[in-house]
Amino acid sequence: MNSESTSPPQSTGNEAVSPASKKSKKYPGSVKPRSRIKLALSRLLLVILSTGFCLLFISIAGEIWVRSRELPSDTGSIYVIRDGQLPRAILRPGAAEISTGVPVRINSLGFRGREYTREKPAGTTRILILGDSFAFGAGAPVDVIFPTRLETRLNSEQLFGLVEILNLGVSDYNTDDELAWLQEFGLGLTPDLVILVYVMNDIEIKQEYLPRSAEEPSRLVDERSGEVRQYRDPLYWLVNRLRRDSHFLAYLAPRMAALGRKLGLNLPSTGSFYGTAFANDVEGWKRSKAAIEQMRDLGLEHHFQFALVLFPLMTNFTDAYPAKKTHEVIAEYTRAQDIPFLDLLPNYMGINAASLWVSPTDGHPNAEGHRIAAEAIYEFLIKTPQLLQPPKEEG
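Below: a short report on this structure. (Residues numbered from 1 in each chain as written. Predicted model: local features only at pLDDT ≥ 70, side-chain atom pairs only at ≥ 80, totals over all residues. Heavy atoms only, no water.)

The contact between helix α9 (residues 283-302) and helix α10 (residues 324-336) brings their axes to 12 Å, and the two run at 35°. Between α9 and α10 lies a crossing whose hand is right-handed. Taken together, the residues of α10 that come into contact with α9 (itself represented by Trp285, Lys289, Ile292 and Glu293) are Val329, Ile330 and Tyr333. Considering only residue class, the contact of α9 with α10 consists of 5 nonpolar, no polar and 2 charged. (Axes fitted to C-alpha atoms, helices over the stretch in contact; angles between N-to-C directions. Helix = DSSP H or I, 4+ residues; strand = E, 2+ residues; numbered from the N terminus. Left-handed = near helix turned anticlockwise from the far one by under 90°. Contact = heavy atoms within 4.5 Å. Nonpolar A, V, L, I, M, F, W, Y, C, P; charged D, E, K, R; others polar.)

Dropping the structure here:
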C-alpha cells in the first residue's frame, strides 16, 4: 500500500496580508507610540505623587518627633531692656518665667540662682561667673548647671572653706557686655575670683559698643533680644531661622551640611567660620581681647583673681573637631597675657555631641554637659589653689 506524504502548502507570495498583521509587525507589543508616551507619563506621575506623599509623611512625622523633644516655649521675658546704658539687656530681679525652655527664677539681686546677700559673708570665698547662655544655663534646670554643681561640690569638700558661686551669666552677652556688667554690678559683690566662661561667639560685635557715625549702615536686629548684630555664624543663623518655620528642617540642616562636607562640598560650618574669625586683624577678636585684659587688670585693682574657661563648640568631638586651631589661638593668647586658662574640649572628646544637647536643635549643654564642665572646673581649681588667694600687686 502506497502512502503519500503531506507537506504545508507553499506560499506563492500573492496572499493578502491583513491590517492587524501589519500593525503587529510595525508596532511590537501592539502599543501605539502615543499610548506608550501616555503610559510613561502616567508612571512618572505616579512616582512623583508617591515620592511627594512619602516626603510629606516623613516631614510631618519628623516635625512631630522633633517637636516632641523640643523645649517648651517661653511664657514671658526675664529681661529689662535699657536705653542709654550698657549692657542694654539685664536680668529682671524677681522674674519667674519659662525661659529658654525651663523654669527660670531671677533672684532679688538680679541673676539666676538662689538668694545671696550683696555683702560677702565673713570667712566666705566668693566666685563670680561671667558669660553668656552657656554660663546662664540656657535650656537646663538651675540645679544641674555647672555653677550650682560646682558650688555644691566645693562646699561638700570644704577645701577652701565656705564658697559662694554667683552666676552672672546672661544669654546673648558678648565680651563687651560681660566687662560692662562686671564694672557696673560685679565689682560691688567683692569677688575673690572672677571666671570668664568664654564661648567662640563672644567675638560678635554689637553696634551699641561702636562709635556713632553720621552715616550708619543698615543694621540687623535680633527679634528675640532686641540686640543689634554686626554678623553671626552662618550655620547658627540658618538653624535659628529655620526653627521659626520647621523644627524638622532645623534638625536636618546641620546634619545635611556635615554630610555634604564629608562628600567634598564647600558648605558653611560653624568651625570654618570661627577658624577665620580669630585672626589677629579681625575687629571682633581684637575687641574681645581688649575686654579680657581690662577684666584681668580690674582684678589687680580690686584684689580678685581672674581666669578664663573655654567651652568648645558642641559638635563632632572626634579627631575631626572643626575648631582645634581656634582653641590653640585662644590658649596661646592667655599664655602670653599670663591669664590662667582651662580648655574644656579634652573633657568632651569621644562623646557623641548631640547626646549633650538640651534638645535636638539646641546645642546648649544639658545636665550631663554641665556635669562634665563642673567636674573639670573643680579639678582646675584644685590644681591651681592660688586662684583663691588675693593676686600679687605688681611692684
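This part is about the environment of leucine 313. Residue position: leucine 313 is located in the loop between β10 (305-310) and α10. Residue leucine 313 is classed as buried on the basis of its relative accessible area of 10%. Note: C-alpha distance between leucine 313 and lysine 324 (11 residues apart in sequence) is 9.9 Å. (Buried < 20%, exposed > 50% of the residue type's maximum accessible area, 1.4 Å probe, protein only.)

Right, let's talk about the sheet that holds strand β5 (residues 124-130) for a bit. Strand pairs in the sheet, formed through backbone hydrogen bonds, run parallel or antiparallel to each other. Spatially, β6-β5-β7-β10-β11 is the arrangement adopted by the 5 strands of the open sheet, whose pairing is parallel. What marks the edges here is a single partner per strand, and that holds for β6 (162-167) and β11 (341-343). Neighbour-to-neighbour, the strand axes of this sheet turn through a mean angle of 20°, independent of strand direction. Contacts from helix α4 (residues 146-157) reach β5, β6 and β7 (193-198) within the one sheet, and its direction differs from that of β6 by about 175°. (Pairing = 2+ DSSP bridges.)

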